Protein chains: 2
Amino acid sequence: MAVTVILDGACYCLGIMSEKQRDLRERTRRAVRNEIAEAANELFVERGFEATTIDDIAAAVGMSQRSVFRYFSSKEEVVLGKFDLVVDDMLAALRARPADEAVWTSLRRVFDVLTSLAEMPGSVRMVEPIHRMVFETPVLLAGYLQKLQHMQDAVVAELMDRAEAAGTPYAADDPTPRALTAAAFGCLVAAQHSWLASGAQGSFTDAVDRAMATVGPRA
Amino acid sequence: MAVTVILDGACYCLGIMSEKQRDLRERTRRAVRNEIAEAANELFVERGFEATTIDDIAAAVGMSQRSVFRYFSSKEEVVLGKFDLVVDDMLAALRARPADEAVWTSLRRVFDVLTSLAEMPGSVRMVEPIHRMVFETPVLLAGYLQKLQHMQDAVVAELMDRAEAAGTPYAADDPTPRALTAAAFGCLVAAQHSWLASGAQGSFTDAVDRAMATVGPRA
DNA sequence: GCCTAGGATGGCAGTTACTGTCATTCTGGA
DNA sequence: TCCAGAATGACAGTAACTGCCATCCTAGGC
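Residues numbered from 1 in each chain as written. Chains lettered and ligands numbered in written order. Predicted model: local features only at pLDDT ≥ 70, side-chain atom pairs only at ≥ 80, totals over all residues. Heavy atoms only, no water.

Trainee: Would you take a moment to explain the pattern of salt bridges for this structure?
Mentor: Going through the model one piece at a time under the given rule, you end up with 24 salt bridges over all chains. Salt-bridge contacts for Arg125(B) lead to Glu42(B); the nearest nitrogen and oxygen are separated by 2.9 Å. In this pair, Arg125(B) sits in helix H9 (residues 124-136) while Glu42(B) sits in helix H2 (residues 19-47), placing the two residues 83 residues apart along the sequence. We classify Arg125(B) as exposed; its relative accessible area is 59%. Residue Glu42(B) is classed as partly exposed on the basis of its relative accessible area, which comes to 35%. A salt bridge links Glu77(B) to Lys147(B), with the nearest nitrogen and oxygen atoms 2.8 Å apart. Pair noted here: Glu77(B) is in helix H5 (residues 75-80) and Lys147(B) is in helix H10 (residues 138-165), with a separation of 70 residues, a long-range link. With relative accessibility at 11%, the residue Lys147(B) sits in the buried group. Residues joined in a network through salt bridges with shared partners are Arg108(A), Arg109(A), Asp112(A) and Asp209(A). (Salt bridge = Lys/Arg side-chain N within 4 Å of Asp/Glu carboxyl O. Helix = DSSP H or I, 4+ residues; strand = E, 2+ residues; numbered from the N terminus. Buried < 20%, exposed > 50% of the residue type's maximum accessible area, 1.4 Å probe, protein only.)

Trainee: Sorry if this is basic, but what is going on with the packing of aromatic side chains here?
Mentor: Think of a pair of aromatic rings as described by two things: how far the centres are apart, and how the planes are tilted against each other in angle. Residues and elements named next belong to chain A. Tallied over the full model, the rule gives 10 aromatic pairs over all chains. When the ring of phenylalanine 44 is compared with that of phenylalanine 49, the centres are 4.8 Å apart and the planes differ by 50 degrees; the resulting orientation is tilted. For the pair phenylalanine 44 and phenylalanine 49, a shared accessibility class is recorded, and that class is buried. Ring plane angle 90 degrees and centroid distance 5.0 Å describe the contact between phenylalanine 111 and phenylalanine 185, whose orientation is recorded as edge-to-face. On the criterion of sequence distance, the pair formed by phenylalanine 111 in the loop between helix H7 (103-110) and helix H8 (112-118) and phenylalanine 185 in helix H11 (residues 176-197) is long-range, its members being 74 residues apart. Taking relative accessible area as the criterion, phenylalanine 185 reaches 2% and is therefore assigned buried. Put simply, the rings of Phe83, Phe135 and Tyr144 pair up and form one aromatic cluster. Of note, lysine 75 hangs over the ring of phenylalanine 49, and the distance from its end group to the ring centre comes to 4.7 Å. (Phe/Tyr/Trp six-rings, centres within 6.5 Å; stacked < 30°, edge-to-face > 60°. Lys NZ or Arg CZ within 6 Å of the ring centre and 35° of its normal.)

Trainee: How should the protein's contact with DNA strand C be read in this particular structure?
Mentor: Close contacts around DNA strand C come from 24 residues, with Arg66(A), Lys75(A), Ser67(B), Arg70(B) and Tyr71(B) the closest. Expressed as a percentage, the sugar and phosphate content of the atoms of DNA strand C within 4 Å of the protein is 55%. Here Ile54(A) contributes a backbone N or O atom positioned 3.4 Å from a phosphate oxygen of DNA strand C. In the environment of DNA strand C, a base oxygen lies 2.5 Å from a nitrogen or oxygen atom belonging to the side chain of Arg70(B). Among the elements of the structure, helix H2 (19-47) and helix H4 (65-71) of chain A together with H2 and helix H4 (65-71) of chain B are those that each provide at least two residues to the surface near DNA strand C. A breakdown of the residues in the surface near DNA strand C according to their chemical character gives seven nonpolar, nine polar and eight charged. (Near = heavy atom within 4 Å. Polar contact = N/O pair within 3.5 Å; in protein donor to acceptor, adjacent residues only side chain to side chain. Nonpolar A, V, L, I, M, F, W, Y, C, P; charged D, E, K, R; others polar.)

Trainee: Can you walk me through the nonpolar core in this structure?
Mentor: The tendency in soluble globular proteins is for nonpolar side chains to be buried as a group. By size, the foremost hydrophobic cluster in this structure holds 128 residues, and its most contacted members are Phe111(A) and Phe111(B). In this structure, Phe111(A) is in contact with Met90(A), Ala184(A), Phe185(A), Leu188(A), Val208(A) and Met212(A), ignoring residues within four places of it in sequence. (Core = buried A, V, L, I, M, F, W, Y, C linked by side-chain atoms within 4.5 Å. Contact = heavy atoms within 4.5 Å.)

Trainee: Would you explain the packing of H11(A) against helix H11 (residues 176-197) of chain B in this entry?
Mentor: Each packed pair of helices is defined by two parameters, the angle between the axes and the distance between the axes. Between H11(A) and H11(B), the shortest axis-to-axis distance is 7 Å and the interhelical angle comes to 145 degrees. The handedness of the crossing between H11(A) and H11(B) is right-handed. Along its contact with H11(A), which presents Arg178(A), Ala179(A), Ala182(A), Ala183(A), Gly186(A), Cys187(A), Ala190(A) and His193(A), the element H11(B) presents Arg178(B), Ala179(B), Ala182(B), Ala183(B), Gly186(B), Cys187(B), Ala190(B) and His193(B). Broken down by class, the residue content of the contact of H11(A) with H11(B) amounts to 10 nonpolar, four polar and two charged. (Axes fitted to C-alpha atoms, helices over the stretch in contact; angles between N-to-C directions. Left-handed = near helix turned anticlockwise from the far one by under 90°.)

Trainee: For this particular structure, what's the right way to read the protein's contact with DNA strand D?
Mentor: Taken together, 25 residues form the shell around DNA strand D, and within it Arg25(A), Arg70(A), Tyr71(A), Arg66(B) and Lys75(B) come nearest. Backbone atoms, meaning sugar and phosphate, form 61% of the atoms of DNA strand D found within 4 Å of the protein. Measuring from a phosphate oxygen of DNA strand D, one finds a backbone N or O atom of Ile54(B) at 3.5 Å. Arg66(B) places a side-chain nitrogen or oxygen 2.6 Å from a base oxygen of DNA strand D. Looking at the surface near DNA strand D, the elements with two or more residues in it are H2 and H4 of chain A together with H2 and H4 of chain B. Considering only residue class, the surface near DNA strand D consists of eight nonpolar, nine polar and eight charged.

Trainee: In this structure, what is going on with the interface of chain B and chain A? I would like to understand it.
Mentor: Interface size is often expressed as the accessible area that is lost when the parts come together. With 32 residues of chain B in contact, the opposing surface of chain A contributes 32 residues. Together chain B and chain A conceal approximately 2,700 Å² of surface at their shared face, both sides included; 65% is due to carbon and sulfur atoms. At the surface where chain B touches chain A, the tally comes to one salt bridge. Between the two partners, chain B and chain A, sit five residue pairs in polar contact (both at pLDDT 80 or more). The dominant element in the side of chain B that touches chain A, judged by the number of residues it contributes, is H11(B), at 12 residues. Of the residues that constitute the side of chain B that touches chain A, the class distribution is 18 nonpolar, nine polar and five charged. In this structure, strand E1 (residues 215-217) of chain A lies alongside strand E1 (residues 215-217) of chain B, joined through three bridges in antiparallel fashion. Considered in E1(B), the bridge of Val215(A) is made with Pro217(B). (Buried area = accessible area lost by both parts, 1.4 Å probe. Pairing = 2+ DSSP bridges.)

Read these as spatial facts, not as claims about activity.
Put into structure tokens, the structure is as follows:
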């Protein structure tokens, strides 16, 4: 262990690997990751999530099981991993809103990151079946809700920063920012439910708008 | 398979096993289940959830691993299983509210089932550490959020029944009941967060009240 | 007190998700 | 051409489950 640390440190300090090389590796890594995820999603919607093994996925992309796990920390991540990237976009979207905008409005705008993702022309075909799969497979639903919780944590932190920067900080034990955020995300899930229940007709954006119109901050 | 079904059917129809016997079995089953859960929770808070194996739990209660799985379908269920019983209580609490009460108020009262559970004298000692463990262990948090989602499904169905019985049914695609319920449960989680963040001082009930006061239905 | 039906249990083999390790291979830059 | 370091494959190992079968236990009928 000690040896490993020393070696790692030495390599890093010497900076033998160039910036360019690092970028390239990073890009190819992402490409392979996407390739695996796409192949896996085909299998998942075809046979179901639980009926598809990691070995199946590995075979489909011509890799060893071990290598698949080098790209995804778990089977669920193959489906849900994309949401990790979304968090940064959501924070960026939140920071782009005027600091004095009503929190509820800002939260609605944050969800544009998700709606635009769902309405991207390239991925539209798979959006609904995968969506449905997530809500129908217990382990995926659980993982998805947990991701949403992480997003909320990040958003709450950003909201508190924003309030402080605006000179109107929340008290340390004020549940307001967290409650508002949780309510907004609750509306998001409710919108997903009704969108799926309606057979994914109509726009998802509208569903979010309608859900968020029924609830709001008090006074 | 066919044989099994026929045999089961025959046994059931003949009613060989008496009602009393059935009840007794049921009661002892619950007792054993509780015993396992309590022993397991001790181990969980002591060593952590992931560091405790099913074999550890089985050894602690003097059973085989196989038998533990006859009482709990998964390791998470040992911690989260109790919430399955709560659903029925919540529905009963909801039905006990006046049909014309504001939905937000009824939802707040539904949560009394949870707060009273958390403040029961017998279990108070373990409530906070387990609570904390659930929020800090990813797989438990995911499972917990999923249970909350199930509760919401049940509550939404009941709210729709109630509205229909009162002669003011929701439209089929109206997201209102689901959005309100989701917002309320979001407030619940927010309250749990702030309660834990404050070191579990103050009453949990107050935390829920404060969180739910910041959000509400719109006109 | 014996007998029997049917649940409860234990043990064991098997599957799958995942992890650590090591030897090998690939790749871009000097 | 050579080399550093990343990518890969193969293999062994763990832990959460699941199915199966033989055995045991218990409550009720006789």
